[in-house]
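# Structural features, examined
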Amino acid sequence: MNERQGEQRIGVRAHKDVVLAVEGLAARRQPPQFASGAADAYEWATGHAGRSPVTGADADDVPGLWLLTAEVDATVVQLEDPTLQAGKRDYIRGVHDALAWICGYSDRVA
């Protein structure tokens, strides 16, 4: 787990901020597939899922920033595929937005 100034970190975010993002996911009223993708991304990023939601990358604990970034990159590749079905696109967008926020690429919480 990344630590900065004694604080547990997930990507560039404080662990407590990621937990708050997970708790607030339902309140943000995103489309179901988007919310599902974001929830799966948060679950994996916090170390509660063994495999990443898009690539299936294995992580024994909280994935490091390089692995989180690789998963964001994989979502970008899939989102650029014009044949990706709408429901799957929403799911991938949810994963992307959650992990992009965790990695510090976005200030908008998924």
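Residues numbered from 1 in each chain as written. Predicted model: local features only at pLDDT ≥ 70, side-chain atom pairs only at ≥ 80, totals over all residues. Heavy atoms only, no water.

In this section: the confidence of the model for the chain. Looking at the chain as a whole, the pLDDT averages 91, with 95% of positions reaching at least 70. Confidence, read as mean pLDDT per element, is least for strand β1 (residues 2-4) in the chain (47) and greatest for helix α3 (residues 65-79) (97). (pLDDT = per-residue confidence, 0-100. Helix = DSSP H or I, 4+ residues; strand = E, 2+ residues; numbered from the N terminus.)

Further remarks concern the nonpolar core. Tyr-42, Trp-44, Leu-68, Leu-99 and Ile-102 are the most contacted members of the largest nonpolar core, which totals 30 residues. Of all the elements in the fold, those that place two or more residues in this core are α1 (15-24), α2 (32-45), α3 and α4 (86-103). Residue contributions to this core peak at eight residues, all from α4. Among all residues touching Ile-102, those that are not within four sequence positions of it are Ile-10, Gly-11, Val-12, Arg-13, Val-18, Tyr-42, Ala-45 and Leu-68. (Core = buried A, V, L, I, M, F, W, Y, C linked by side-chain atoms within 4.5 Å. Buried < 20%, exposed > 50% of the residue type's maximum accessible area, 1.4 Å probe, protein only. Contact = heavy atoms within 4.5 Å.)

For the rest of this paragraph, the subject is the environment of Val-62. Within the secondary structure, Val-62 is located in the loop between α2 and α3. Along the backbone, Val-62 and His-48 are 14 residues apart, and their C-alpha atoms lie at a distance of 8.0 Å.

For the rest of this paragraph, the subject is unusual backbone geometry. Not every positive phi belongs to a glycine, and Arg-29 is a case in point at roughly 50 degrees. Along the chain, Arg-29 turns up in the loop between α1 and α2.

Turning to the side chain of Arg-13, a few remarks are in order. Examined against the element boundaries, Arg-13 turns out to sit in strand β3 (residues 13-14). Here the side chain of Arg-13 touches Trp-101 through a polar contact of 2.7 Å, landing on its backbone oxygen. Among the polar contacts listed, one links the side chain of Arg-13 to the backbone oxygen of Ser-106, at a separation of 2.8 Å. (Polar contact = N/O pair within 3.5 Å; in protein donor to acceptor, adjacent residues only side chain to side chain.)

Attention shifts here to α4. Counted at 1.5 Å a residue, the expected span for α4 with its 18 residues is 26 Å, and the 25 Å between its end C-alpha atoms agrees. Of the surrounding secondary structure, the elements contacted by the buried residues of α4 are β2 (7-10), β3, α1, α2 and α3. Positive backbone phi, approximately 90 degrees, marks Gly-104, located one or two places after α4. (Expected span 1.5 Å × (residues − 1).)

Taking 1.5 Å of rise per residue, 15 residues should cover 21 Å, and α3 covers 21 Å from first to last C-alpha, within 8% of that figure. Taken together, the buried positions of α3 are occupied by Leu-67, Leu-68, Thr-69, Glu-71, Val-72, Ala-74, Thr-75 and Leu-79. Where α3 is buried, its residues meet α2 and α4.

A complete count under the given rule lists one aromatic pair for this structure. Aromatic pair Tyr-42 and Trp-101: ring centres 6.4 Å apart, planes at 85 degrees, arrangement edge-to-face. Of the two residues, Tyr-42 is situated in helix α2 and Trp-101 in helix α4; the sequence distance between them amounts to 59 residues. A relative accessible area of 6% places Trp-101 in the buried class. (Phe/Tyr/Trp six-rings, centres within 6.5 Å; stacked < 30°, edge-to-face > 60°.)

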